[in-house]
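Here is what each chain is made of, one letter per residue.
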Amino acid sequence: MTVVTRFAPSPTGYLHIGGARTALFNYLYAKHTGGKFLLRIEDTDRARSTQPAIEAILDGLSWLGLKWGGDVVFQFARAARHREAVDQLIAAGKAYKCFCTPEELTAMREEQKAKGLPQRYDGRWRERNSSEAPVGAKYAVRLKAPLDGETVLEDLVQGQVTVANTQLDDMVLLRSDGNPTYMLSVVVDDHDMNITHVIRGDDHLTNAFRQIQLFRAMGWTPPLYGHIPLIHGADGAKLSKRHGALGVDAYRDMGFLPEALRNYLLRLSWGHGDDEIISDAQAIEWFDVTNVGRAAARFDMAKLTNLNGHYIREANDTRLVELLTPMITQRINNAIDETIAGRLIRGMAGLKQRAKTLIELADSAAFYARKRPLTVDDKARAILADDGKEFLSVALPQLEARANWSAPELEAWARTTAEAKGLKLGQVAQPIRVALSGSTVSPPVFEVMEVLGKDESLARIGDAIKA
RNA sequence: GCUCCCAUCGUCUAGAGGCCUAGGACGCGGCCCUCUCAAGGCUGAAACACGGGUUCGAAUCCCGUUGGGAGCGCCA
């Protein structure tokens, strides 16, 4: 049997971090087993589903590199099929019409709450005949769920979970406007799409029992379920859209790489020995739903950031420059021409080692792209003031005379010069760094000189002396 | 309130009865390296929620307590 998993978000907002992890787990499990990973948009809530949300979800998944197989299934488009299933159930006496009004149900719940009773539909229309309803009254269709016994779920991550059927009420299958509910649609779609493994957040755990009952009523075999723990915020509270759960696009904008986010999300509630840096190939090889832990994990920005630094260091220079180009353009007042692009490519090796996010990388790379004369920050200005300019004035002609402009040669020159003048290497390097970058922090200064080239380097040093 | 789930350093986790003096990672402190900042190396502080069992032996099994979480919609 081929494994078929699915990610089934409702398009009521962006793809948030918890959903992204659910998608990741489904994706990895499918890849691990050589199966398929499908995408279904659960848009049966017509009032809250939006096109921008659909696009945000698709974009988010694509950015994260989670490719789904086949066409996206839009649930609402299958409403006719869902109604057909309900007709079948009514015909078989396994579902019935409920003529309760919303007000009546609210009143029922309030009464139950007041009495300290569990809030559940009491089945008042379960055995009544439709003829007892007012003519033309609207009705919903409910499942005639078993009244006694228990429903057992062999959950892939939670283990065996049993619930007494008295805890489960007769859920609505069809709304009074004739539209299918989530419960109905999920079951019919999971069946029709041949889903074998449903991996989702454990907020759906109780839904699984209802869904299993529906599967049985339809005479179908339920899929296997794996309910993964939710992700909490740094404060331990539930991570929801209104509580710090950002969309994956927000992480992209904060300068995170998709592979870093993937690696980070993978390690939430799942681990493989002491491994921390896990490649996509290893993730596919090692991941199994049954190894997912049962405790909720907190989201830790610091660890994500650390991981991101690792992946930036490993990233291809050309790719980084491409990602950085719009960000750097925004920081400087000129376009990135070939000369500057060349500098960025050559400088990336030194730059990327020092950045934890693309934002930091862009900030630290901008000086390579800036036009002369550079603006010098306050700390840097102080270096020029303390004998810095004086040193640069002496060094400039020496540098002008140099034929070889490679980093090792320049460093050798700096060491000899420092020794001759009784200076520390830092006293030579810092003024040059300031002149070249406008800052006290940069990649190794001789590397910067090489990347900038002789002409630009000398010009910048000249600017610093004049400033 | 009812039902269900969970519980190892601050955080993510390893740990499937003796291998645990509880390991790794992030973060934090120190040292080294060093032209700045990083990276890297070494190193330190830091946890089995509590109470009972079971067992020769428990972080690991059982029960209870406490603390967290999820669900209880004609939302998904």
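Reading the values: the criteria
- Residues numbered from 1 in each chain as written.
- Chains lettered and ligands numbered in written order.
- Predicted model: local features only at pLDDT ≥ 70, side-chain atom pairs only at ≥ 80, totals over all residues.
- Heavy atoms only, no water.
- Axes fitted to C-alpha atoms, helices over the stretch in contact; angles between N-to-C directions.
- Helix = DSSP H or I, 4+ residues; strand = E, 2+ residues; numbered from the N terminus.
- Parallel < 35°, antiparallel > 145°, perpendicular 65-115°, else oblique.
- Contact = heavy atoms within 4.5 Å.
- Nonpolar A, V, L, I, M, F, W, Y, C, P; charged D, E, K, R; others polar.
- Pairing = 2+ DSSP bridges.
- Polar contact = N/O pair within 3.5 Å; in protein donor to acceptor, adjacent residues only side chain to side chain.
- Buried < 20%, exposed > 50% of the residue type's maximum accessible area, 1.4 Å probe, protein only.
- Expected span 1.5 Å × (residues − 1).
- Core = buried A, V, L, I, M, F, W, Y, C linked by side-chain atoms within 4.5 Å.
- Phe/Tyr/Trp six-rings, centres within 6.5 Å; stacked < 30°, edge-to-face > 60°.
- Lys NZ or Arg CZ within 6 Å of the ring centre and 35° of its normal.
- Salt bridge = Lys/Arg side-chain N within 4 Å of Asp/Glu carboxyl O.

Asker: What is the right way to read the packing of helix α11 (residues 317–331) against helix α12 (residues 338–352) from this model?
Answerer: Geometry of a packed helix pair, given as the angle between the helix axes and the separation of the axes. In contact at an axis separation of 10 Å, α11 and α12 are set at 95° when each is read in the N-to-C sense. When the interaxial angle is binned, α11 and α12 end up roughly perpendicular. Along its contact with α11, which presents D317, T318, L320, V321, L324 and I328, the element α12 presents L344, I345, M348, A349 and K352. Within the contact of α11 with α12, the residues separate by chemical class into 8 nonpolar, 1 polar and 2 charged.

Asker: Looking at this structure, I do not really get the sheet that holds strand β5 (residues 140–143). What am I missing?
Answerer: Hydrogen bonding along the main chain pairs the strands of a sheet, whether they run parallel or antiparallel. Across the sheet, which stays open at both edges, the 3 strands sit in the order β4-β5-β8 with antiparallel pairing between neighbours. Of all the strands in the sheet, the pair left with one neighbour each is β4 (95–98) and β8 (172–174). Strand-to-strand twist across the sheet, computed as the mean angle between neighbouring axes with direction ignored, equals 45°. Relative to β5, β4 runs antiparallel, the two sharing 4 bridges. Across the sheet, the residue bridging to A95 is L143, located in β5.

Asker: In this structure, what is going on with the side chain of R40? I would like to understand it.
Answerer: Looking at the element boundaries, R40 is found in strand β2 (residues 36–41). Engagement of the side chain of R40 in a polar contact is seen with the side chain of E42, the distance being 2.8 Å. Of the polar contacts made by the side chain of R40, one reaches the side chain of D190; its length is 2.8 Å.

Asker: Help me understand unusual backbone geometry in this model?
Answerer: Most peptide bonds adopt trans geometry, and most residues besides glycine take a negative phi value. A cis amide bond links R372 to the next residue, P373, at an omega of -10°. For N194, which is not a glycine, the phi torsion comes out positive at approximately 60°. With respect to the secondary-structure elements, N194 resides in the loop between α5 (182–192) and β9 (197–201). Accessibility expressed as a relative area gives 55% for N194, which makes it exposed.

Asker: Got a minute to help me understand the environment of G438 in this structure?
Answerer: Structurally, G438 is set in the loop between α16 (425–437) and α17 (445–452). For the pair G438 and R381, spaced 57 residues apart in sequence, the C-alpha separation works out to 8.2 Å. Excluding residues that lie within four positions of it along the chain, G438 makes contacts with L374, T375, V376, D377, A380 and R433.

Asker: Would you explain helix α10 (residues 301–314) in this entry?
Answerer: Because the α-helix completes a turn every 3.6 residues, residues three or four places apart line up on one side. When the terminal C-alpha atoms of α10 are compared, their 20 Å separation across 14 residues agrees well with the 20 Å that a helix rising 1.5 Å per residue should span. In this structure, the buried side of α10 is in contact with α7 (248–253), α8 (258–266), α11, α12 and α13 (358–369).

Asker: Explanation requested: the nonpolar core in the structure shown.
Answerer: As a rule of thumb, soluble globular proteins bury nonpolar side chains together. One finds F25, L261, L266, L361, L399 and I432 to be the most contacted residues of the largest nonpolar core, which totals 95 residues. Counting residues per element, this core draws most heavily on helix α1 (residues 17–33), which supplies 9 residues. When sequence neighbours within four positions are dropped, the list of residues in contact with F25 reads I199, I228, L265, L266, L268, W270, F287 and V292. Counting 34 residues, the second largest nonpolar core, distinct from the first, contains V163, M193, W220 and Y225.

Asker: Explanation requested: the side chain of R126 in the structure shown.
Answerer: Counting through the fold element by element, R126 comes out in the loop between α4 (102–114) and β5. In contact with R126, not counting residues within four places along its chain, are Y96, K144, A145, L147 and D170.

Asker: What am I meant to see in the environment of I461 here?
Answerer: Inspection of the secondary structure puts I461 in helix α18 (residues 454–466). On a C-alpha basis, the gap between I461 and N263 in space is 43 Å, while along the polypeptide they are 198 residues apart. If we skip the residues at most four places from it in the chain, I461 touches L392, L396, L399, I432, A435 and L436.

Asker: What should I look at first to understand the packing of aromatic side chains in this one?
Answerer: Two aromatic rings, taken as a pair, are described by how far apart their centres are and by the angle between their planes. Tallied over the entire structure, the rule returns 10 aromatic pairs. Ring centres 6.3 Å apart and planes at 65° place the aromatic pair F215 and W220 in the edge-to-face group. Taking relative accessible area as the criterion, F215 reaches 1% and is therefore assigned buried. Their ring planes at 80° and their centres at 5.3 Å tell us that Y264 and F299 sit as a pair that is edge-to-face. Of the two residues, Y264 sits in helix α8 while F299 sits in the loop between β12 (297–298) and α10, which places them 35 residues apart along the sequence. Taken together, Y251, F256, Y264 and F299 form an aromatic cluster joined through their ring pairs. Positioned above the aromatic ring of W125 is the side chain of R128, whose terminal nitrogen or guanidinium carbon lies 3.9 Å from the ring centre. Across the ring face of Y121, the terminal group of R142 is positioned such that the distance to the ring centre comes to 3.5 Å.

Asker: Just checking my understanding: could you explain the pattern of salt bridges for this structure?
Answerer: Should the charged atoms of two oppositely charged side chains come close, the side chains can pair. Applying the stated criterion across every chain yields a total of 30 salt bridges. When the shortest N-O distance is used, the salt bridge between E456 and R343 registers 3.6 Å. Linking E456 in helix α18 with R343 in helix α12, this pair joins segments that are 113 residues apart in sequence. Residues E456 and R343 agree in their burial class; the two are buried. A salt bridge links E409 to R402, with the nearest nitrogen and oxygen atoms 3.6 Å apart. By relative accessible area, which is 34% here, E409 ends up partly exposed.

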